[in-house]
Structures are given as C-alpha cells and as structure tokens.
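Survey of secondary and tertiary structure
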2 protein chains.
Amino acid sequence: MKRISRTSPAKIVLLIMDGVGGLPHPKTSKTELESARKPNLNRIARDSLCGLIDPVSPGITPGSAPGHLAIFGYDPLQYHIGRGVLEALGIDLELKPDDIAARGNFCTVDDKGIITHRRAGRISTDKNTVLCRLLSNITIEGAEISMLPVKEHRFVLILRGEALSPELADSDPQQLGLAPKKIEALSPQAQKTAEIANEFVSQASSLLQGKTPANMVLLRGFSRRPDIPSIPEIYKLKPAAIATYPMYRGLARLVGMQVLPGGENIIEQLNSLQRYYADYDFFFVHFKNTDTRGEDGNFQAKVQAIEELDNVLPSLLSLDPDVLIITGDHSTPATLAMHSWHPVPFMLKSKWCRPDNVVEFSERACLAGGMGRFPAMEIMPLAMANALKLDKFGA
Amino acid sequence: MKRISRTSPAKIVLLIMDGVGGLPHPKTSKTELESARKPNLNRIARDSLCGLIDPVSPGITPGSAPGHLAIFGYDPLQYHIGRGVLEALGIDLELKPDDIAARGNFCTVDDKGIITHRRAGRISTDKNTVLCRLLSNITIEGAEISMLPVKEHRFVLILRGEALSPELADSDPQQLGLAPKKIEALSPQAQKTAEIANEFVSQASSLLQGKTPANMVLLRGFSRRPDIPSIPEIYKLKPAAIATYPMYRGLARLVGMQVLPGGENIIEQLNSLQRYYADYDFFFVHFKNTDTRGEDGNFQAKVQAIEELDNVLPSLLSLDPDVLIITGDHSTPATLAMHSWHPVPFMLKSKWCRPDNVVEFSERACLAGGMGRFPAMEIMPLAMANALKLDKFGA
C-alpha cells in the first residue's frame with residue numbers, strides 16, 4: 001500500500017456505527033437494522049457497494065480494539081493492543097514507547113480480603129480522582145509510578161523505568177468471592193516488574209484501608225504501546241478522528257490520526273466534521289449509541305439509536321465526500337446484550353463504486369451486495385481506490 | 001482458539017453427509033439434493049445460517065482425510081494423514097508415534113509377475129486373516145513386523161523399529177499389466193526402511209506362491225502418525241464420534257474424539273447419539289451412504305440415501321442440540337461417480353445463528369446463504385461461537 005498510495009484532495013469519511021450488526025427479535029424475526037426507520041441509510045445503500053465484514057474472522061467476537069484496527073487496515077492478529085494501553089490512550093496520556101500501562105479498578109474487599117464488589121459500587125469520578133492522588137504518593141525503587149483517574153471506578157496505572165516488561169498476568173480474577181491474585185511474571189525478564197506491581201498493590205491496599213467501598217485495587221491488561229505503522233505513513237493520508245468516547249480517540253491517535261473535538265453527541269460530532277472538513281482528507285467518525293443500547297440488551301433503544309443516526313445523515317451527505325463508508329466494528333445484538341461474532345453490514349458510496357442491487361442497509365440485504373462477505377482489513381484499500389488515491393500495481 | 005475457548009454444557013452436533021454435494025442430472029437439470037424429497041433438511045435450512053464450503057480450496061478434490069480434517073478445524077495442507085495411518089486407525093490399531101504404516105492389498109500376479117487383479121478377486125476377510133497370520137511369520141533384521149487384516153483384500157503393514165522413515169514410494173503401480181514396483185527411498189534416511197520393505201515384499205511373495213488369487217502384495221501410503229493438536233486441547237470440548245466405517249472412526253480418534261458404538265446404519269447411529277448424549281458436548285455423526293451411492297454412479301440411489309437421512313432427522317432434532325451443523329466432507333456427484341472439487345452445502349442452526357433467506361438445503365439454494373462460500377476450516381470457530389463457547393478476542 002505504501003508504494004502505490006498517493007495524496008489527492010479527495011475526502012474519505014468512515015462512519016463507524018459501533019456494534020451496529022444485530023440478530024432477529026424473537027417476535028418479529030427482524031433485526032434492529034431491519035426494524036428501524038432509516039430512509040437515509042437505505043438511500044445511501046441504493047447508491048453503494050454493499051457487503052458484510054468479518055472484523056477478525058468468522059466465529060470470532062472482536063473487542064473494540066481489534067474491530068477498529070481491522071477497519072483501519074491492520075491485521076488484528078498481528079497488532080495486539082493491551083487493555084492498559086487502550087485505557088491510557090483514552091485519557092490523552094502520551095505513552096512513551098517503554099511505558100507499561102495497566103487498566104485498574106477500585107474494588108471492595110471484605111475483612112478477609114475477598115472481593116465483594118469489582119467496581120467499588122461505581123464510585124464517582126471525583127472520589128476516584130482523590131484516591132488516585134493519594135496513591136500517587138507510593139514510591140517504589142526501580143519504577144516511576146503514575147496513577148490516573150478515568151471514569152467512575154476506573155484508573156490507569158503507568159510504570160516507567162528501565163528494563164520493565166509488560167508480560168504480567170492480571171491481579172483481577174474477574175469474579176467475586178476470590179481474593180485479588182498475586183501478579184505473576186509470564187516470562188523471566190518480567191520478574192522485576194511483577195515485584196514492583198505487587199509492591200504497588202500492597203502499598204495501595206494499606207493506603208486504602210478504611211476507604212470502603214474503594215478499599216482495594218484490581219489490575220489487568222498490562223501492556224506496552226505496539227509499534228504500529230501510522231495511517232499517514234502507509235496511505236499518505238491526513239486523517240482525523242471525531243469520537244465522543246476516550247477509548248476510540250486513543251485508538252485513533254495510536255494509528256496516527258489527529259483527534260478533533262468530538263462533543264457530546266453525533267450532532268456535535270458532525271458539526272466538528274463540517275468545521276474541520278477542509279483541513280483533512282480522511283475522517284473517522286465514531287457513533288457509540290448503537291453499541292451501548294445493544295450491550296444494554298434494549299432492542300427498541302438500539303433501533304432508536306439507528307434512527308437517531310439516520311436523522312442526522314443529511315448534514316453529512318451535504319458535504320458530499322468523495323468516499324463515504326458506513327459500517328460497524330462488530331455486531332452487538334440486543335438479544336445477546338454483548339459483542340458478537342456476526343458479520344457487520346458495510347456500504348461504500350463513491351462516484352466510482354459500481355453499485356449492486358442492494359436497496360436497504362441491513363444484515364440480510366447486504367448479503368447480496370457486491371462485496372459479499374469479506375475481511376474488514378480490505379476496507380482501507382477499497383476506500384483508497386474509490387478516492388482514486390492508489391496507483392496501478394505492477395506494469 | 002486455545003486461548004479463547006471455554007467449556008460449557010452446550011451441545012454441538014456435526015452431521016457429515018459424506019459426499020453429499022452433487023451435479024445436475026442431465027435429464028432434469030437437478031442435483032441429487034434438489035431431486036430428493038427432504039422436508040426435514042429444508043425445514044432446518046429455513047432456521048439456519050447456510051453456505052457452501054470449500055474443504056481444501058476451489059478446484060481441489062479432497063480425499064476423505066483432508067475433507068474431514070478441514071471440517072474439524074485443521075489446515076489440510078499442513079496436516080497430512082497418510083493412507084497407511086488412516087487404514088491402521090480404522091482397525092483400532094494403537095499406532096506409536098514412530099510406527100510406519102502402509103496400506104496393503106493382496107493382489108494376483110501371473111507367472112511373469114505382472115499384476116492381473118489389483119484386489120485378488122476381493123478375497124474374503126476370513127481368507128485375508130489366514131494369509132496375514134502366515135505373513136506375520138516374516139522376520140527382518142531392524143524392524144518388528146505386524147500384518148493386520150482389514151476388509152476383503154485390504155491389510156495394514158506396520159514396521160516398528162529404530163530410525164525408520166516413512167519417506168517411501170508405493171509398490172502399487174495402481175494399474176494392471178505392470179509388475180509391482182520396487183519400493184524406493186524418497187530421502188537418504190529412508191534407505192534402510194526401503195530395504196526392509198522390499199525384503200518384506202520378497203518374503204511375502206515366496207510365502208504366497210501358489211495361493212492364487214492372493215499370490216502377491218501391493219503396498220502404498222507409507223506414513224507415520226501426524227503430530228496433531230487434539231480437539232479437547234484446542235477447543236476444551238469433550239468430543240465423540242459415531243461412524244459406521246472404520247476409517248472415519250480412526251480419523252476421529254486421531255483428533256482426540258472418543259469413538260462411540262456406531263452400529264450398522266444411521267438409525268443405530270442416532271440411537272447411539274441418544275444413549276450417550278449426556279456424556280459429551282460435541283458429536284461427529286458420519287453418514288456414509290450418500291458417498292457410496294455417488295461413487296457407484298447411481299443418481300437415484302444417492303437421492304434415496306438423502307431421503308433415508310432426512311427421514312431419521314426428527315430423532316436427532318428431538319435432542320434439540322444447541323448447535324446443529326449439517327454438511328459434507330466433499331461432493332461426490334453421481335454423474336462423475338467419484339469425489340469432486342465442487343463446494344458442499346452447509347447449514348448451521350442455533351439460537352444465535354442469524355438465519356438468512358435460504359429455505360432449501362441444496363447447492364444452488366445455499367449459494368445465497370449468510371456464509372456465502374467459505375473454507376471448511378472456519379466451521380469449528382463458527383460452531384464454538386454459536387454454542388457461546390468462545391470469549392471475546394482482544395480488548
């Protein structure tokens with residue numbers, strides 16, 4: 001791709017409807033997309049090349065990171081983004097290449113040290129901020145420690161020092177009724193880091209005594225920034241991201257996108273798109289509500305989220321991007337109330353897209369699309385081609 | 001897969017209709033599946049995710065081993081199972097990792113040593129057993145020799161010893177009018193084994209003199225057990241196989257399945273399934289007749305085999321497995337009277353399968369299925385996902 005990509009003024013807009021794919025409602029046999037009133041999405045489908053993407057591969061349920069990485073053109077089996085790194089990126093933390101990041105929860109343990117609440121009753125972000133400041137006083141030989149509040153009970157722990165390793169198991173047992181686990185080194189060179197992390201947990205536990213419900217910490221997803229070639233480097237694009245949730249902004253930054261103001265909702269996101277439209281040639285717009293409602297298991301609310309998005313599409317269409325792609329990073333069927341493995345509807349509209357016979361944006365309709373079922377990793381080359389930003393390959 | 005698989009009580013039933021795919025009859029332009037009366041298969045298709053599988057890759061006609069291995073989730077280009085090993089597994093032989101197995105035929109040669117019948121007129125299994133006992137008297141320096149009767153003219157030769165190699169060419173020229181070939185070493189380290197094998201053939205020839213029609217042996221498929229990770233290991237399943245033919249039982253055993261009593265026909269197989277249903281969470285049920293009739297070139301008989309299977313499906317459906325998969329290991333069109341390269345209809349029924357618009361189980365109907373055309377190797381991840389036996393991949 002690097003060799004055949006070229007710069008041009010053409011604009012690509014990639015709109016991710018997080019978790020948009022669904023499953024039929026048992027009563028109506030219609031999916032969320034099939035149930036929604038969505039004239040704009042359908043009109044775009046009529047002019048588009050449609051299909052269904054497999055973010056990772058058939059049967060595999062992607063987390064948010066692999067789902068997005070695949071759409072951005074990266075092999076999610078090759079580039080693994082740890083939970084800690086993702087969390088850190090999401091709060092605008094500039095990770096140095098050797099920093100070790102872990103995702104933390106404040107939690108509640110009883111007087112025997114057994115976890116009774118994994119999220120400490122979801123303490124407020126303000127309380128969290130106070131506790132993080134308290135624990136930042138911890139000093140341990142061999143590593144500089146930073147503790148940064150995220151939302152509610154969530155925090156990021158950063159270990160910075162020489163010869164540290166992210167090859168550590170979680171302390172979080174991910175269930176109640178157990179004590180937090182001692183952090184184990186998964187390789188001999190991680191031994192020192194494991195000792196530092198365990199010492200941190202031990203000191204944190206002492207400092208938090210009596211601070212119930214937040215009287216203990218759980219750590220997971222120790223990781224380091226992956227060494228990943230950037231989108232500007234590979235595609236010669238000037239990319240920007242417009243997302244309301246920190247994690248997606250962090251992910252975008254990791255692949256070299258400029259993060260633009262995302263505001264609070266899709267209307268503000270599209271305002272931001274309009275405002276910065278002249279300054280970039282690739283825009284990743286992330287719509288979160290479809291996933292949130294799906295995870296809630298609220299079928300009707302997910303239908304409404306789709307309709308909410310459909311309603312604001314005219315403002316996006318008025319920009320008339322050279323290439324418009326609408327898809328999702330995975331399915332989140334409301335009936336399952338979680339991410340799933342089902343392939344995700346996809347459409348690409350451009351002057352040069354060779355439309356198929358699909359006239360509806362839905363799982364079943366997109367099956368008959370011109371792309372059929374295909375790996376999400378193929379989206380970026382398609383986007384580039386349809387923007388006429390790729391040279392011919394070979395003589 | 002190993003990292004994200006988890007155990008659960010959910011049951012997966014994989015029903016292989018051997019060689020089920022076909023080609024249109026020249027008179028009716030309908031395939032065997034399209035010609036059969038099969039209300040149950042069609043009803044399942046209506047509730048299923050359908051598609052067409054390529055066992056190996058487009059254009060490649062699979063043998064039974066690669067066809068099944070692919071469905072079991074193994075790359076058939078990576079894991080090669082020799083004919084000798086397959087034959088040995090099929091008669092419940094416990095092969096040691098270093099044993100060399102060859103598939104043998106008793107055959108007839110004339111007084112010039114030219115093959116006049118490759119199967120010695122299909123001698124009885126009883127006669128075969130007597131001859132195998134006779135040839136087991138052969139002793140050769142450097143290898144322990146076992147000769148085991150299979151069915152009719154077929155036997156297995158096992159060479160056990162130190163520093164033996166399976167890299168040997170066949171002695172069987174696979175045609176009449178030629179003499180059996182001298183067994184050639186295909187690598188320098190197989191030289192000793194080649195000498196042993198040729199010495200065996202020479203002594204066997206002497207001992208069989210006058211035993212016409214079985215007066216000579218043909219050897220092919222020298223091979224050693226592949227080192228293959230087992231299904232319990234990869235998927236944390238407790239798998240069982242129910243097959244009437246030895247080879248399929250052997251294949252199942254090789255990938256770590258427990259072999260259950262298969263009986264004589266599909267009715268007895270499904271009785272066995274019912275009897276052992278509580279004890280395992282994955283069942284491979286092998287229906288042979290579709291392939292046999294296809295190989296016979298008997299279109300109508302293959303249609304009847306499909307109808308025979310369809311008739312007994314209610315007993316399987318009454319178990320209400322969490323995931324039911326019906327497909328074949330390859331096509332065996334009656335018009336070709338042999339295995340073929342054509343992709344094979346596939347359907348997967350589960351509570352979570354996202355049904356498509358397919359309402360008939362046939363080659364052409366499945367083309368419009370939600371899976372489209374896909375590699376058979378993707379079946380196991382799909383089965384696991386639909387049984388909710390896979391964790392999310394990545395953060």
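Residues numbered from 1 in each chain as written. Chains lettered and ligands numbered in written order. Predicted model: local features only at pLDDT ≥ 70, side-chain atom pairs only at ≥ 80, totals over all residues. Heavy atoms only, no water.

1. A short note on the interface of chain B and chain A
Where we set the bar: Contact definition: two residues touch when any of their heavy atoms are within 4.5 Å. A 1.4 Å probe defines the accessible area here, and the buried area is the portion of it lost by two parts on being joined, summed over both. In what follows, salt bridge is the name for a side-chain nitrogen of Lys or Arg lying within 4 Å of a carboxyl oxygen of Asp or Glu.
Each partner contributes to the interface: chain B provides 23 residues, whereas chain A provides 33 residues. Counting the surface lost from both chain B and chain A, the interface buries some 2,100 Å², and carbon and sulfur atoms represent 66% of this. If you sort the residues of chain B by the area they bury against chain A, Arg-354, Phe-393 and Ala-395 of chain B come out on top, with a joint share of 41%. In this structure, the connection of chain B to chain A is made through 0 salt bridges.

2. Observations regarding the pairing of strand 11 (residues 323–327) of chain A
Residue and element names in this part refer to chain A. To keep it simple, the criterion reads: Between buried and exposed lies partly exposed: a residue is buried under 20% and exposed over 50% of the maximum accessible area for its type, with that area taken using a 1.4 Å probe on protein chains only. Numbered from the N terminus, helices here are DSSP runs of H or I no shorter than four residues, and strands are runs of E no shorter than two. When DSSP finds two or more bridges between a pair of strands, those strands are recorded as paired.
Counted residue by residue, strand 11 has 5 buried out of 5 residues, so it is predominantly covered. Where burial is concerned, the two faces of strand 11 agree: the one with Val-323, Ile-325 and Thr-327 and the one with Leu-324 and Ile-326 are both buried. Where strand 1 (residues 12–17) meets strand 11, 5 bridges bridge the pair, whose relative direction is parallel. Of the residues in strand 11, the one forming a bridge with Ile-16 is Thr-327. In terms of strand pairing, strand 11 meets strand 12 (residues 344–350) through 4 bridges, oriented antiparallel.

3. Some points on the side chain of Asp-291 of chain A
Residues and elements named next belong to chain A. To keep things clear, this is the line we draw: Pairs of N or O atoms are called polar contacts if they sit within 3.5 Å, as long as, within protein, a hydrogen donor faces a hydrogen acceptor (for residues adjacent in sequence, only side-chain-to-side-chain pairs).
Its place among the elements puts Asp-291 in helix 10 (residues 289–295). Looking at Asp-291, the relative accessible area reads 2%, which means it is buried. Within polar-contact distance, the side chain of Asp-291 engages the side chain of Thr-332 at 2.7 Å. In this structure, Asp-291 is in contact with Asp-18, Gly-19, His-330, Thr-332 and His-339, ignoring residues within four places of it in sequence.

4. Observations regarding the packing of helix 3 (residues 64–71) of chain A against helix 8 (residues 246–254) of chain A
All names here are of chain A. Rules: Orientation is described by axes fitted as lines to C-alpha atoms, over the contacting stretch for helices, and by angles from 0 to 180 degrees between their N-to-C directions. Roughly parallel refers to an angle under 35 degrees, roughly antiparallel to one over 145, roughly perpendicular to one between 65 and 115, and oblique to any angle outside these ranges. Crossing handedness is read from the near helix: turned anticlockwise from the far helix by less than a right angle, it gives a left-handed crossing, and turned clockwise, a right-handed one. When residue character is reported, Ala, Val, Leu, Ile, Met, Phe, Trp, Tyr, Cys and Pro are called nonpolar, Asp, Glu, Lys and Arg charged, and the others, Gly included, polar.
At a minimum axis separation of 11 Å, helix 3 and helix 8 run at an interaxial angle of 45 degrees. In this view, helix 3 runs oblique relative to helix 8, as classed from their interaxial angle. Two packed elements cross with a definite hand, and for helix 3 against helix 8 that hand is right-handed. Two secondary-structure elements touch here, helix 3 through Ser-64, Ala-65 and His-68 and helix 8 through Met-247, Tyr-248 and Leu-251. Looking at the contact of helix 3 with helix 8 residue by residue, the class counts come to 4 nonpolar, 2 polar and no charged.

5. Focus: the packing of aromatic side chains
What counts is decided by this rule: Think of it this way: a Phe, Tyr or Trp ring, Trp meaning its six-membered ring, pairs with another when their centres are within 6.5 Å, and the plane angle makes it stacked under 30 degrees, edge-to-face over 60, tilted otherwise. Placement of a charge over a ring requires the Lys NZ or Arg CZ to be within 6 Å of the ring centre, with the centre-to-atom vector within 35 degrees of the ring normal.
Tallied over the full model, the rule gives 14 aromatic pairs over all chains. Ring geometry for Tyr-277 of chain A and Phe-283 of chain A: centres 5.5 Å apart, planes at 15 degrees, overall stacked. Like Phe-283 of chain A, Tyr-277 of chain A is buried. In textbook terms, an aromatic cluster arises when at least three aromatic residues are bridged by ring pairs, as seen for Tyr-277, Tyr-280 and Phe-283 of chain A. The ring of Tyr-277 of chain A carries Lys-11 of chain A above its face, with NZ or CZ at 5.3 Å from the centroid. Positioned above the aromatic ring of Tyr-245 of chain B is the side chain of Lys-288 of chain B, whose terminal nitrogen or guanidinium carbon lies 5.2 Å from the ring centre.

6. Some details on the relation of the copies chain B and chain A
Note: a rotation about an axis with an accompanying shift along it relates these two copies of the chain. To keep things clear, this is the line we draw: What sets the superposition is a least-squares fit of C-alpha atoms, and only residues with pLDDT of at least 70 in both copies go into it.
Each copy superposes on the other: chain B lies on chain A with an RMSD of 0.1 Å after a rotation of 121 degrees and an axial shift of 0.1 Å. What we have between these two chains is a three-fold relation.

7. Let's talk about the environment of Asn-357 of chain B
Turning to its location among the elements, Asn-357 of chain B is positioned in the loop between strand 12 (344–350) and helix 12 (363–366). When the C-alpha atoms of Asn-357 of chain B and Ala-368 of chain B are compared, they prove to be 7.5 Å apart, with 11 residues separating the residues in sequence.

8. Observations regarding the pattern of salt bridges
Residue and element names in this part refer to chain A. Using the criterion set out here, one finds 32 salt bridges over all chains in the structure. A salt bridge links Arg-364 to Glu-34; the nearest nitrogen and oxygen atoms lie 2.9 Å apart. Highlighted residues: Arg-364 in helix 12 (residues 363–366) and Glu-34 in helix 1 (residues 32–35), separated in sequence by 330 residues. The exposure classification of Arg-364 matches that of Glu-34, with both residues buried. Of the charged contacts, one joins Arg-293 and Asp-296 as a salt bridge, the two residues approaching to 3.6 Å between their closest N and O atoms. One network of salt bridges, in which partners are shared, links Arg-83, Glu-87 and Arg-103.

By themselves, these observations are geometric and do not establish any function.
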